[in-house]
Amino acid sequence: MAESLLNIKKRIKTIESIKKITHAMKLISSSRYTKLSQLFNTSNEYILSLKKAMNICLRNSDFTNDNMPTCMKENPNGDKNLYILITPTLGLCGNFFHSIEKVASSYLNKDSDVVFIGEKGFKKYHKIVGESFLEYINLNENISWTLVNKFRHWLDALYLKNSYKSIHIIYTKYINQLNYKVICKQLIPLEIDNSGDFEAEVTPLFDQDPATIADSLVPHYLDALLYRYLIESSLCEHSSRQNSMQNATDSADKLLNELKLKYNKTRQTNITNEITELTGSISNDKVSFI
């Protein structure tokens, strides 16, 4: 019985230590989630305004293949796709990475080159894809507009150098704090989404040629998209980790209550047995004395 009490006490201490870790990780993810949520909402407003201005310019532009922005051009000789895969670097976020796997596995193969952002994706897929690019594998750990702009310039150069047919990005779309969806979206050639009301309230007056203005706006729009996809994926990651760590902490509390109750019952049983043995021993001594 004494050994049983010792084992229960060790388990209680172990679970209490684990609970401290899961609670701390939940608080960290909660803090990062709040910060990323603010950045995500702000970026959405910026993208909407930029998209409206860009669509007005594009409707008044007459692009030829020579003056079209790089990110809107198609490579006629392209025979291979490039994918950008955004995954977490750390674990302990429930089935978040598994959800990405289910989508990514249907696109990635030996005929695909991949830009990995996040180490989990690289560890999973680097042996089953064509060429792996690791220049920006830690981009999602410290997301900034400057780094995203450099990343977009690097993508443009890579797109032209290797004559890729298209560039797609696999990211996690944020729905709410409990739901998200993994999406594969074409990034280059950039597809202009004309859904929504982007008509100008008045006929705009262009100081420069609309094509020239659009040529400067489109790359900025692509920067904004990449920035939002990175922020959105990190937001979903920390939301999932926050929920997972909260569930783990609740489970630890439940298990601790059960173990403490078991410990107290076992301890009470031991005390009762000792009293019974002591009482029986005293009775036997009296009988012997008589």
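All of the points below concern the structure found in this document. (Residues numbered from 1 in each chain as written. Predicted model: local features only at pLDDT ≥ 70, side-chain atom pairs only at ≥ 80, totals over all residues. Heavy atoms only, no water.)

## Describing the overall build of the protein chain
Working step 1: Across its full length, the protein chain holds 5 helices and 5 strands.
Working step 2: Secondary structure of the protein chain in N-to-C order comes out as α-β-α-β-α-β-α-β-β-α.
Working step 3: Counting every position in the protein chain, which comprises 290 residues, the buried fraction comes to 40%.
Working step 4: For the protein chain, the proportion of contacts with a sequence separation of at least 24, taken over those separated by at least 6, is 75%.
Working step 5: When the accessible surface of the protein chain is split by element, carbon and sulfur atoms take 52% of a total near 16,700 Å². (Helix = DSSP H or I, 4+ residues; strand = E, 2+ residues; numbered from the N terminus. Buried < 20%, exposed > 50% of the residue type's maximum accessible area, 1.4 Å probe, protein only. Contact = heavy atoms within 4.5 Å. Areas by Shrake-Rupley, 256 points an atom, 1.4 Å probe, with all protein chains shown as cover.)

## Some details on the pairing of strand 1 (residues 81–86)
Working step 1: The buried fraction of strand 1 is high, at 6 of 6 residues.
Working step 2: Burial along strand 1 is two-sided: N81, Y83 and L85 facing one way and L82, I84 and I86 facing the other are all buried.
Working step 3: Sheet topology note: the strand 1/strand 2 (residues 112–117) ladder contains 6 bridges and is parallel. Paired with I84 across the two strands is V115, which belongs to strand 2.
Working step 4: Each parallel crossover has a hand, and for strand 1 linked through helix 2 (residues 96–104) to strand 2 it is right-handed.
Working step 5: Of the pairings in the sheet, the one linking strand 1 to strand 4 (residues 166–174) comprises 5 bridges and is parallel in character. (Pairing = 2+ DSSP bridges. Right-handed = clockwise from strand over helix to strand, strands pointing away.)

## Topic: the packing of aromatic side chains
Working step 1: Summed over the entire model, instances satisfying the criterion amount to 12 aromatic pairs.
Working step 2: Ring geometry for Y136 against W154: centres 5.4 Å apart, planes inclined by 55°, an arrangement best described as tilted. Within this pair, whereas Y136 is found in the loop between strand 3 (132–133) and helix 4 (145–161), its partner W154 is found in helix 4, the two being separated by 18 residues in sequence.
Working step 3: These aromatic residues form a ring-pair network of at least three members: F133, Y136, F151 and W154.
Working step 4: Positioned above the aromatic ring of F97 is the side chain of K120, whose terminal nitrogen or guanidinium carbon lies 5.8 Å from the ring centre. (Phe/Tyr/Trp six-rings, centres within 6.5 Å; stacked < 30°, edge-to-face > 60°. Lys NZ or Arg CZ within 6 Å of the ring centre and 35° of its normal.)

## Some details on the pattern of salt bridges
Working step 1: Overall, the coordinates contain 6 salt bridges when judged by the stated rule.
Working step 2: Two residues, D223 and R152, come together in a salt bridge whose shortest N-O distance is 2.7 Å. Within this pair, whereas D223 is found in helix 5 (residues 210–289), its partner R152 is found in helix 4, the two being separated by 71 residues in sequence. Comparing D223 with R152 shows no difference in burial state: the two are buried.
Working step 3: Each of R152, D156 and D223 takes part in salt bridges that share partners, so that together they form one network. (Salt bridge = Lys/Arg side-chain N within 4 Å of Asp/Glu carboxyl O.)

## Observations regarding empty space enclosed by the protein
The gaps left among the atoms become clear once a water-sized probe is rolled over them.
Working step 1: On inspection of all chains with the given rule, the structure shows 1 cavity of 30 Å³ or more.
Working step 2: Taken as a whole, the largest cavity encloses approximately 40 Å³ of empty space.
Working step 3: Lining the largest cavity, in full, are I86, T87, P88, F96, I100, N140, S233, S234 and E237.
Working step 4: Of all elements in the fold, only helix 2 and helix 5 reach the threshold of two or more residues within the lining of the largest cavity.
Working step 5: The element best represented in the lining of the largest cavity is helix 5, accounting for 3 residues.
Working step 6: For the lining of the largest cavity, the class distribution of residues is 4 nonpolar, 4 polar and 1 charged. (1 Å grid on protein atoms, 1.4 Å probe; cavity = no way out; pocket = protein on both sides within 12 Å on 5 of 7 lines; lining within 4 Å. Points joined across faces, edges and corners; volume = space filled by probe spheres on them. Nonpolar A, V, L, I, M, F, W, Y, C, P; charged D, E, K, R; others polar.)

## Focus: the layout of surface pockets
Working step 1: Computed from the structure, the largest pocket encloses a volume of approximately 420 Å³.
Working step 2: Along the wall of the largest pocket there are 15 residues; nearest its centre are R32, N140, E141, N142 and H238.
Working step 3: Those elements giving two or more residues to the lining of the largest pocket turn out to be helix 1 (2–59) and helix 5.
Working step 4: Of all the elements, helix 5 adds the most residues to the lining of the largest pocket, at 5 residues.
Working step 5: When grouped by side-chain class, the residues that make up the lining of the largest pocket number 5 nonpolar, 5 polar and 5 charged.

## Some remarks on the pairing of strand 2
Remark: a regular strand shows side chains that alternate across the two faces of the sheet.
Working step 1: Within strand 2, 6 of the 6 residues are buried, leaving the element largely enclosed by the surrounding structure.
Working step 2: The side-chain alternation of strand 2 yields two buried faces, one formed by S112, V114 and F116 and the other by D113, V115 and I117.
Working step 3: Running through helix 3 (residues 119–125), the crossover from strand 2 to the neighbouring parallel element strand 3 is right-handed.

## Section: the nonpolar core
Working step 1: Core analysis: the biggest nonpolar cluster contains 60 residues, and I84, L85, L108, V115, F151, L155 and L187 have the highest contact counts within it.
Working step 2: Of all elements in the fold, only helix 1, strand 1, helix 2, strand 2, helix 4, strand 4, strand 5 (180–188) and helix 5 reach the threshold of two or more residues within this core.
Working step 3: If one sorts the elements of this core by residue count, helix 5 sits on top with 14 residues.
Working step 4: Those residues in contact with I84 that lie beyond four places of it in its chain are V115, I117, F151, L155, I167, H168, I169, I170 and L187. (Core = buried A, V, L, I, M, F, W, Y, C linked by side-chain atoms within 4.5 Å.)

## Concerning helix 4
Residues spaced three or four apart along an α-helix point in a common direction, a consequence of the helix completing one turn every 3.6 residues.
Working step 1: The first and last C-alpha atoms of helix 4 sit 24 Å apart over 17 residues, in line with the 24 Å expected at 1.5 Å per residue.
Working step 2: Every buried residue of helix 4 is listed here: V148, F151, R152, W154, L155, D156, L158 and Y159. (Expected span 1.5 Å × (residues − 1).)

Function-wise, these values are silent; they only describe arrangement.
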